[in-house]
Amino acid sequence: MAFKGIDFFKLDNLLSKEEKLIRSSVREYLSKEVEPYVVDAFHGEEPLDLRNIAPQMGELGMLGAFLPTEYGCTGANYVEFGLICQEVERVDSALRSFVAVTSGLVMYPIWRYGSEEQRHYWLPKLASGETIGCYGLTEPNHGSDPGSMESTAQWDGEQWVINGSKTWITEADIADMAVVFAKDVQDGKIKGFILESGTKGFTQSSLDQKGSMRAGGVGELGMVNCKVGEENRLPDAYGLKAPFTCLNQARYGISWGGLGAAMDCYDTALNYCKQRKQFDEPLSSYQLVQDKLVHMFMEIGKGQLVSHRVGRLLDEGKSIPEQISFAKKNNVSVARICARTARDLLGANGISLDYSPIRHMANIESVYTYEGTNDIHTLILGRHITGEQAFKK
Ligand code: TGC
Ligand code: FAD
């Protein structure tokens, strides 16, 4: 049955014609061109062919959608970006990772912290999907605490010499370029660099045998005396604030993405329970089953209100990072609950990849951890309401 969406609170009445159009065209594209291949990609851990998909997404304006048209982007608003993420993650979290990383973590830093030359050179190629990028912040010894990163950048009088390693990097192995953060040994400040694939001393590899995000690629970046010119440095990225500001963009997209996965789980469970009979009656007629369906339905409805509101605040330039933490934490938890509940309602069929919940359930474990773990967002909100930081002693 074609997916209709969930709109109990008539949020569609608050969407413009353009916003609805982007949602429907992305939904239509994914259902024809991507959805049929997702299960095999996940099962075989053979990531979806981004060399084919990225240009199609580029054509539809799905990459870096909220950035200005003068750089080849769509000039969409934040709600439109959110709706794109929702539709993509309804299909698979790994593909939404690609969209959120490209838009929020690769294109946004170039737009926000890059030079005009860097913007004009990189943004149109990334927006069209011709170039694939990745974002290197996490290191083997520093995940939640990137401020302690060990990667270094040293100006040798002519060039920057970068050393260090980054791990768990989405699309690390196939990326044509990477936005990487390293600590300047001279002033101790974190700075951002654009590293191109093939640069001497820059290596890219993949991490396999994942139990989650199997339809996508994740890997490592290595820098051993990797030399780049000043033109490869993002001139306005100075300090930890720069990589964190980029995370705000992607975390916001994830809040909508989580709802997409949750909606798919809810929809699958509802249809299944209406059809499946036990003790002569449809599962949907039993009170315990209705309780589970209603729980999913209500959590999704609440999450939609949160993401919609944060999107509008972002468009008005009035959002604060803690609201994005609220949305990411809440909506990914909603997705996690919905995936598990749907898996349960499908009984043994719930563990089959013929149905989406078990795949979403595995994927959401990554989403729960990346872009700030669930705990880190609790601590961000805890600091906001108490004024006390509880990250470090
Ligand atoms: P802290 O002292 O809190 O902050 C340092 C400076 O940064 C500023 N800042 C922010 N600015 C904008 N937006 C935010 N969200 C910001 N958070 C902090 C802050 O105001 C300060 O500025 P200034 O001017 O005073 O220097 O830094 P801390 O070291 O105590 O860290 C706090 C903490 C734990 C919240 C932070 O480290 C954190 O968020 N950790 C989580 C790391 C994380 O999320 N990594 C994600 C890596 S990328 C990824 O996972 C991609 S997954 C693929 C996909 O997206 O699909
Ligand atoms: P840790 O920081 O070691 O955390 C382990 C546990 O300790 C968690 O439960 C955490 O909540 C808890 N914890 C940590 N600190 C505290 C504290 N102060 N108080 C209480 N509890 C705490 N990174 C990138 O830079 N780019 C990418 O493209 C990228 N893509 C990713 C894709 C996938 C599929 C995955 C799984 C990860 C990706 N990451 C990426 C990395 C991701 O951002 C990190 O995994 C995440 O930030 C958590 O870091 P960690 O794994 O080192 O866990």
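Above: the structure in question.
About the thresholds
Residues numbered from 1 in each chain as written. Chains lettered and ligands numbered in written order. Predicted model: local features only at pLDDT ≥ 70, side-chain atom pairs only at ≥ 80, totals over all residues. Heavy atoms only, no water. Buried < 20%, exposed > 50% of the residue type's maximum accessible area, 1.4 Å probe, protein only. Helix = DSSP H or I, 4+ residues; strand = E, 2+ residues; numbered from the N terminus. Pairing = 2+ DSSP bridges. Near = heavy atom within 4 Å. Polar contact = N/O pair within 3.5 Å; in protein donor to acceptor, adjacent residues only side chain to side chain. Areas by Shrake-Rupley, 256 points an atom, 1.4 Å probe, with all protein chains shown as cover. Core = buried A, V, L, I, M, F, W, Y, C linked by side-chain atoms within 4.5 Å. Contact = heavy atoms within 4.5 Å. Nonpolar A, V, L, I, M, F, W, Y, C, P; charged D, E, K, R; others polar.

Q: Hey, could you run me through the pairing of strand E5 (residues 190-196) in this one?
A: On a regular strand, each side chain points to the face opposite its neighbour's, so the side chains alternate between the two faces of the sheet. Among the seven residues in E5, six count as buried, and that is most of the element. Pairing of strand E4 (residues 177-184) with E5, which is carried by seven bridges, proceeds in the antiparallel orientation. When the bridges of E5 are listed, Ala182 appears paired with Lys191. Once E4 ends, the chain turns through five residues before running back antiparallel as E5, passing Gly188 with a positive phi of about 70°.

Q: Got a minute to help me understand the site of ligand 2 in this structure?
A: Surveying the vicinity of ligand 2 reveals 18 residues, the closest of which are Thr138, Ser144, Trp168, Thr373 and Asp375. Here a nitrogen atom of ligand 2 and a backbone polar atom of Tyr135 are 2.9 Å apart. Contacts to ligand 2 include Thr373, whose side-chain N or O atom sits 2.7 Å from an oxygen atom. Bound to the protein, ligand 2 loses 66% of the 980 Å² it would expose on its own. Elements with a contribution of two residues or more to the shell around ligand 2: strand E3 (160-170), helix H10 (357-369) and helix H11 (374-386). For the shell around ligand 2, the element with the most residues is E3, which contributes three residues.

Q: How should I be thinking about unusual backbone geometry in this particular structure?
A: Trans is the prevailing form of peptide bonds, just as negative phi is the prevailing case for residues other than glycine. With a phi angle near 55°, Lys10 is a residue other than glycine that sits in the positive phi range. Here Lys10 shows up in the segment before helix H1 (17-33). Here Lys10 falls in the exposed class, since its relative accessible area comes to 51%. A positive phi is found at Phe279, a non-glycine position, where the angle reads about 50°.

Q: I'm lost on the nonpolar core in this one. Help?
A: The nonpolar side chains of soluble globular proteins are, as a tendency, buried together. Membership of the largest hydrophobic core comes to 56 residues, with the highest contact counts inside it found for Val34, Met57, Val88 and Leu95. The element best represented in this core is helix H7 (residues 241-275), accounting for 10 residues. Apart from residues lying up to four places away in sequence, Met57 is in contact with Tyr29, Met62, Leu63, Val88, Leu95, Phe98 and Val99. By size, the runner-up hydrophobic cluster in this structure holds 42 residues, among which are Leu15, Leu83, Leu123 and Leu234.

Q: When you look at the site of ligand 1 in this model, what are you seeing that I'm missing?
A: Among the 27 residues in the neighbourhood of ligand 1, the closest are listed as Ser144, Asn248, Arg251, Glu371 and Gly372. Within the side chain of Tyr370, a nitrogen or oxygen atom sits 3.1 Å from an oxygen atom of ligand 1. Relative to its unbound accessible surface of 1,100 Å², ligand 1 loses 76% to contact with the protein. Elements supplying a minimum of two residues to the shell around ligand 1: helix H5 (93-113), H7 and H11. No other element matches the seven residues that H7 contributes to the shell around ligand 1. Partitioning the shell around ligand 1 into residue classes produces 13 nonpolar, eight polar and six charged.

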